[in-house]
Each structure stands twice: as structure tokens, then as C-alpha cells.
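# Chains, contacts and geometry: an overview
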Amino acid sequence: MISVIVPVYNAERFIKKALESVLKQTYSDFEIIVVNDGSVDSTAAVCRMMEQSDQRIHYFEKENTGVSDTRNYAFTQMTGEYVFFLDADDVLPDYAFACLMREMDRGDCDAVYGNHAYCYGGDPMPRIPRIASGIYTWESLKDIFLDDGTLTGILFGSGCGVLYQSRIIRECNLHFNTDMKVNEDGLFNFEFLRHASRIRVMDEPYVYIYNQWKSLAGKPLKADDRFLASEKIIEAYLKENSLLVEFSEQLACRKLSVCFWNALRVKDAQTTLSGARQYLKELFDDPDVRAGFACLNYVGMNRYKRLLCFMMRHRLCVLFYFVIRYVYPMAEKVVRR
């Protein structure tokens, strides 16, 4: 049985579709653990209605402590042999569990990592897989796991679209770091893979659909300090486990990735050209960012990222701003990531 963990917070607009996409799965041996993280809208009413409609849905409520603590709470309630995470505003194609279970049954592995797609209101657009399908071990992935130098970040930065053996989570007492507001999934995967014997990476088709609806439009332009907090937690974890030296080059690449993600915020945020230029200049002038360019994997980047990286390296702030502000919005909905 698969335990599907769904943390929910103020998701009255989305949660019904998310749960319905699970109930429509062609593979039907699952339970759905829905945990309401202190919502103040009508989420509770929708979840209770859904619980009454199908005995496989189990609904719980707790005070608001964040998505990581909510998932950790769900660990105490799950009973399945496998674990799958679904965010309340996303959906699954009806074949998702069947594909994941088929891959799990192909060989002895502790997790199956599936591909995902992005949906901007139309048809889902599959993501370009970062690594080829096949069997992998921790040793075969650790040199590229935290950051492979392509401005993409942690290799398995999401816990969604993955079928995990719950035995590993229980026996190794794995949990999500409640101090992290971003990249908590990546650190969880880092820990899981260190304890796993081998994992399988699926090729397409995609098994998870991210609905893209959030925007910074109208908000002031500033760097996301959650990334800085996450960097410190990741570095502390590496130091605690005597891995800091081994991952030093990847950490240097990660600083550039964080710079890139923060630079992309000029696309929607409320700002003037002068404000955007100053913001980008401060990002691109950072000494740690400057040092990271020597570690990048330019061959692994697509041409679009190579162009943006060139602008970052040569501090072409105004050009970067115009490309992100006016060219990127036209391209993101038609170009596969």
C-alpha cells in the first residue's frame, strides 16, 4: 500500500482537485493522509467532505507549524509500505502510481524518482530530465547532488513525484528539517539517499503535475533570505556529518544558483529599471558569486541559461533585466525546462 501524504494550508481552491486526482488512480491500493496545518479558510470543510466520500482518506488537524512539521506528523499516521508526497495545489495523472509501482517492481530499490510537468493553465509541459533513467547509488550521485553547476540546484530538489520505501524513513528516523523554508525536500532526499542501497530514476512519462500560479507581481524587489538560511542549515548538516570538504565545490556552485534564482525575481516584482539594476549589481558583485563561476558546468546548461550566465558573469545588469522581464515571460510557457 502507498501512503499518500498531503499537507494542507489555506488550500480551499485546490485541495478537492488534488485529492480527486489521487482517487482516480488506476492503481488503487493506497491511503491518503491529509493533514490540515491550521488553515483559516474553508479547507477543513472541503477535506471533511472528501473524507466522507472515500474511506481511504484520513483527515487530521493540527496547529500551524509549517509544511515540514506537517509532513513529519503524517509520518506518525502512515501505515503503507511506500510513501508519496502530494502538495495540495498540484495534481497527478491517473497512471502515476501504476508507473511508479511498475518501476519499483522491476528490481530491488529503495525509491523510484519520477519526472514531473509544469502546468500554466493549459496542457502540462514535461520537464527535461536532469539525469538519464536507470539505477543509481549514493556513490554515483554524490558528486552532482547538491549542485551540478548548471544553475539548477539540488538534483532531487522535490520530494513530490517520488515513491519511497517507508521502511527507510522509519528505520533511519528520517524527517524534514522544520527550520528550512526552502530546499527542505532536497535535504530530505540527501539524507534518504545516504541510507538507501539504490534508487531508480524513471524516464518519461511524467507522474506529477506542478500547477504554476504563484507570482511576485506587485511585490517589492528583494532577495529571498530563505535561501541564505537554508544554505547555513545545509552547511551545518555537512559539517556535522564530516562532509563539508567533500562538498565544498558544490556549495560554491550553489551560491551561484541562489544568486540566479534571486536575480529571476526581477521578472514580476515591482521595481524601476534603476532599482532592478542596483539590485542585480549587488547580487552579481558578491565575492562568493564571483568565485563560483570557475566551478560551473557550462556544457550541461541549455543555451538560454548559458546566455543568462554570461550576463551575470559580465555584470550586464540592464540587459539581464530586459531579457528576464520581457523575453522570459513569452518563452517560459512554451520552452521545456
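The following refers to the structure shown. (Residues numbered from 1 in each chain as written. Predicted model: local features only at pLDDT ≥ 70, side-chain atom pairs only at ≥ 80, totals over all residues. Heavy atoms only, no water.)

## Quick notes on empty space enclosed by the protein
Applicable threshold: Definitions used for this entry: grid spacing 1 Å over protein atoms alone; cavity, a set of points where a 1.4 Å probe fits but cannot get out; pocket, an open set with protein on both sides within 12 Å along at least 5 of 7 lines; lining residue, one with an atom within 4 Å of a point. Grid points are joined across faces, edges and corners, and a volume is the space filled by probe spheres set on the points. Residues were grouped as follows: Ala, Val, Leu, Ile, Met, Phe, Trp, Tyr, Cys and Pro as nonpolar; Asp, Glu, Lys and Arg as charged; and all remaining residues, including Gly, as polar.
Applying the stated criterion across every chain, the model contains one cavity of 30 Å³ or more. Taken as a whole, the largest cavity holds about 30 Å³ of empty space. Together, Y136, T137, W138, L141, L193, A196, S197, R198 and I199 line the largest cavity. A class-by-class count of the residues in the lining of the largest cavity yields six nonpolar, two polar and one charged.

## Focus: a nonpolar patch on the surface
This is how it is decided: Candidate patch residues must exceed 30% relative accessible area and have no salt bridge, after which like charges are joined if within 9 Å and Val, Leu, Ile, Met, Phe, Trp or Tyr side chains if within 5 Å. Each accessible area is a Shrake-Rupley result for a 1.4 Å probe, and residues are judged covered by the shown protein chains and nothing else. For salt bridges, the criterion is a side-chain nitrogen of Lys or Arg within 4 Å of an Asp or Glu carboxyl oxygen. Secondary structure is summarised from DSSP: a helix means a run of H or I of at least four residues, a strand means a run of E of at least two, and numbering begins at the N terminus for each. A 1.4 Å probe rolled over the protein chains alone gives each residue an accessible area, and that area as a share of the maximum for its type sets the label: buried under 20%, exposed over 50%, partly exposed in between.
A cluster of nonpolar residues, L273, V318, F322, Y326 and V327, forms a patch on the protein surface that exposes about 410 Å² of accessible area. With respect to the helices, strands and loops of the structure, Y326 is situated in helix α13 (residues 317-331). Its relative accessible area of 46% is what places Y326 among the partly exposed residues.

## Details of the environment of K17
Tracing the chain through its elements places K17 in helix α1 (residues 15-23). On the accessibility criterion, K17 (60% relative accessible area) is exposed. A sequence separation of 74 residues divides K17 from V91, and the C-alpha atoms of the two residues are 6.9 Å apart.

## Topic: helix α12 (residues 303-313)
Applicable threshold: Directions from the helix axis toward the C-beta atoms define the arc. Whenever a nitrogen or oxygen atom comes within 3.5 Å of another N or O atom, the pair is scored as a polar contact, on the condition that within protein one atom can donate a hydrogen and the other can accept it, and that pairs from neighbouring residues in sequence are kept only if both atoms are in side chains.
Of the residues making up α12, those classed as buried are K305, L308, C309, M311 and M312. Summarising the axial view, the buried residues of α12 lie within an arc of 160°, below the 170-degree limit, and thus occupy one face. Near the N-terminus of α12, the side chain that reaches the backbone nitrogen of Y304, with its oxygen 3.2 Å away, is that of N302. Where α12 ends, the next residue or the one after it, R315, has phi of about 55°, a positive value.

## Focus: the packing of helix α7 (residues 184-195) against helix α8 (residues 225-240)
So the rule is basically this: In this analysis an axis means a line fitted to C-alpha atoms, helices contributing only their contacting stretch, and an angle means the value between N-to-C directions, from 0 to 180 degrees. Should an angle lie under 35 degrees it is considered roughly parallel, over 145 roughly antiparallel, and from 65 to 115 roughly perpendicular; all remaining angles are considered oblique. Left-handed describes a crossing whose near helix is turned anticlockwise from the far helix by less than a right angle; the clockwise case is right-handed. By the convention used here, residues are in contact when the closest approach between their heavy atoms is within 4.5 Å.
It is at 11 Å that the axes of α7 and α8 come closest, and there the two elements cross at 20°. Taken as axis vectors, α7 and α8 run roughly parallel relative to one another. Judged by the sense of rotation from one axis to the other, the crossing of α7 with α8 is right-handed. Contacts between α7 and α8 pair L187, F190, E191 and R194 from the former with I233, Y237 and L238 from the latter. A per-class count over the contact of α7 with α8 returns five nonpolar, no polar and two charged.

## What to know about the packing of helix α9 (residues 248-263) against helix α10 (residues 273-284)
Viewed as axis vectors pointing N to C, α9 and α10 meet at an angle of 175°, and their least axial separation amounts to 10 Å. When the interaxial angle is binned, α9 and α10 end up roughly antiparallel. Contacts between α9 and α10 involve C259, N262 and A263 on the former and, on the latter, Y279, L280, L283 and F284. Of the residues contributing to the contact of α9 with α10, the split by class is six nonpolar, one polar and no charged.

## Some words on the layout of surface pockets
Considered as a void within the structure, the second largest pocket measures approximately 340 Å³ in volume. For the lining of the second largest pocket, the element with the highest residue contribution is α8, accounting for six residues. Its residues assigned to classes, the lining of the second largest pocket shows seven nonpolar, one polar and nine charged.

## Some details on helix α3 (residues 67-75)
Buried residues of α3: S68, T70, R71, N72, A74 and F75, and no others. Buried positions along α3 lie against β1 (2-8), β2 (30-37), β3 (57-62), β4 (82-85), α6 (166-171) and α7.

## Some remarks on the pattern of salt bridges
Per the stated rule, a full pass over the model turns up 21 salt bridges. For E235, the salt bridge identified is with K255, shortest N-O distance 3.7 Å. Placement of the pair is E235 in helix α8 and K255 in helix α9, with a sequence separation of 20 residues. On the accessibility criterion, E235 (28% relative accessible area) is partly exposed. By relative accessible area, K255 is classed as partly exposed at 25%. The shortest N-O distance in the salt bridge between K281 and D285 comes to 2.8 Å. With relative accessibility at 35%, the residue K281 sits in the partly exposed group. Note on D285: relative accessible area 26%, which makes it partly exposed.

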